[in-house]
Amino acid sequence: MDALLPRPRAELAPGAVHLPDWLDFDAQRDLVAACRGWPGYRNTTYPNGGVMSVKTVCLGWHWYPYGYSRTTDDGRPVLPFPDWLGDLGRRALADAYGEPAEGYEPDTALVNFYAAKTKMGQHQDKDEQSAAPVVSLSLGDTCVFRFGNTESRNRPYTDVELHSGDLFVFGGASRFAYHGVPRTLPGTADPALGLTGRLNITLRVSGFS
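Residues numbered from 1 in each chain as written. Predicted model: local features only at pLDDT ≥ 70, side-chain atom pairs only at ≥ 80, totals over all residues. Heavy atoms only, no water.

A closer look at the side chain of Thr-72
(1) Moving on: Here Thr-72 shows up in the loop between strand E6 (67-69) and helix H2 (83-97).
(2) Moving on: Given the relative accessible area of 19%, Thr-72 is considered buried.
(3) Moving on: Engagement of the side chain of Thr-72 in a polar contact is seen with the side chain of Asp-74, the distance being 2.5 Å.
(4) Moving on: Residues within four places of Thr-72 in sequence aside, it is in contact with His-62, Pro-77 and Val-78. (Helix = DSSP H or I, 4+ residues; strand = E, 2+ residues; numbered from the N terminus. Buried < 20%, exposed > 50% of the residue type's maximum accessible area, 1.4 Å probe, protein only. Polar contact = N/O pair within 3.5 Å; in protein donor to acceptor, adjacent residues only side chain to side chain. Contact = heavy atoms within 4.5 Å.)

Let's talk about H2
(1) Moving on: With 15 residues, H2 should cover 21 Å at 1.5 Å per step; its first-to-last C-alpha distance of 21 Å lies within 8% of that length.
(2) Moving on: Residues Leu-85, Gly-86, Leu-88, Gly-89, Arg-90, Ala-92, Leu-93, Ala-94 and Ala-96 constitute the buried set of H2.
(3) Moving on: Just downstream of H2, Gly-98 is the residue with a positive phi angle, here 70°. (Expected span 1.5 Å × (residues − 1).)

Let's talk about the pattern of salt bridges
(1) Moving on: Within this structure, the stated rule accounts for 11 salt bridges.
(2) Moving on: Its salt-bridge partner being Arg-7, residue Asp-166 comes within 2.7 Å of it at the nearest N-O pair. Here Arg-7 lies in the segment before strand E1 (10-13) and Asp-166 lies in the loop between strand E11 (158-162) and strand E12 (167-170), a separation of 159 residues in the sequence.
(3) Moving on: Of the charged contacts, one joins Asp-159 and Arg-146 as a salt bridge, the two residues approaching to 2.7 Å between their closest N and O atoms. Residue Asp-159 is located in strand E11, and its partner Arg-146 is located in strand E10 (residues 142-147); the two are separated by 13 residues in the primary sequence.
(4) Moving on: Assessed through its relative accessible area of 37%, Asp-159 is described here as partly exposed.
(5) Moving on: Shared partners join several salt bridges into a network, and the residues in it are Asp-125, Glu-128, Arg-175 and Arg-204. (Salt bridge = Lys/Arg side-chain N within 4 Å of Asp/Glu carboxyl O.)

Some words on the sheet that holds strand E2 (residues 16-19)
(1) Moving on: Taken in spatial order, the eight strands make up an open sheet running E1-E2-E12-E9-E14-E7-E4-E3, and their pairing is antiparallel. One side of each edge strand has no neighbouring strand; the edge strands of this open sheet are E1 and strand E3 (42-45). Strand-to-strand, the axes of this sheet are offset by a mean angle of 30°, without reference to chain direction.
(2) Moving on: The sheet contact formed by strand E7 (residues 108-114) and strand E14 (residues 198-204) spans seven bridges and is antiparallel. When the sheet's bridge partners are listed, Ala-109 is paired in E14 with Leu-203.
(3) Moving on: Relative to the sheet, helix H1 (residues 25-37) contacts E7, strand E9 (134-140) and E14, its axis offset from that of E9 by approximately 95°.
(4) Moving on: Across the sheet, H2 lies against E2, strand E4 (51-59), E7, E9, E12 and E14, angled at about 80° from E12, the strand it touches most. (Pairing = 2+ DSSP bridges. Axes fitted to C-alpha atoms, helices over the stretch in contact; angles between N-to-C directions.)

Shown next as structure tokens:
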């Protein structure tokens, strides 16, 4: 079998950086194990009655449309945001932007699970009070990630495949760009990872005290 060609670093827009294969396989397995240990995955319901197809669990702050809370939908305390995840976020940001990230202090994470054929519509991450970059880590099945503009859900946008272990960071001029997942590609994960489906971890700075 021919060796796979390395996928190069790509800047999709100012402040939007894709680093393929950023997590090695052992790190991916460790993150999958951590995700399995966080209970409470649920399908988020919007005020209009719509239900997201992805299942989500939150750390640090509980995200709901369109805000954050220290308690979950059923009144339980939010799971803590681990220090090691903040360290991982700072390392990710430093590698993406090529400069130290000591001042980056993420305090919330959304962990999304995508089953087969699960998708996510174009949206902005704008419920935070901080404009610090978002760090996104992919595990398991490959997805098509659509990264757009800051004005609308319409073109121009770029579709890029995010594989297990990939890092995507968006901040600066691209912090409030519309983005989504129009499709996942079932069965594309390495079976040795022990994950059926896709996990996506996004780290954010909430700006709340």
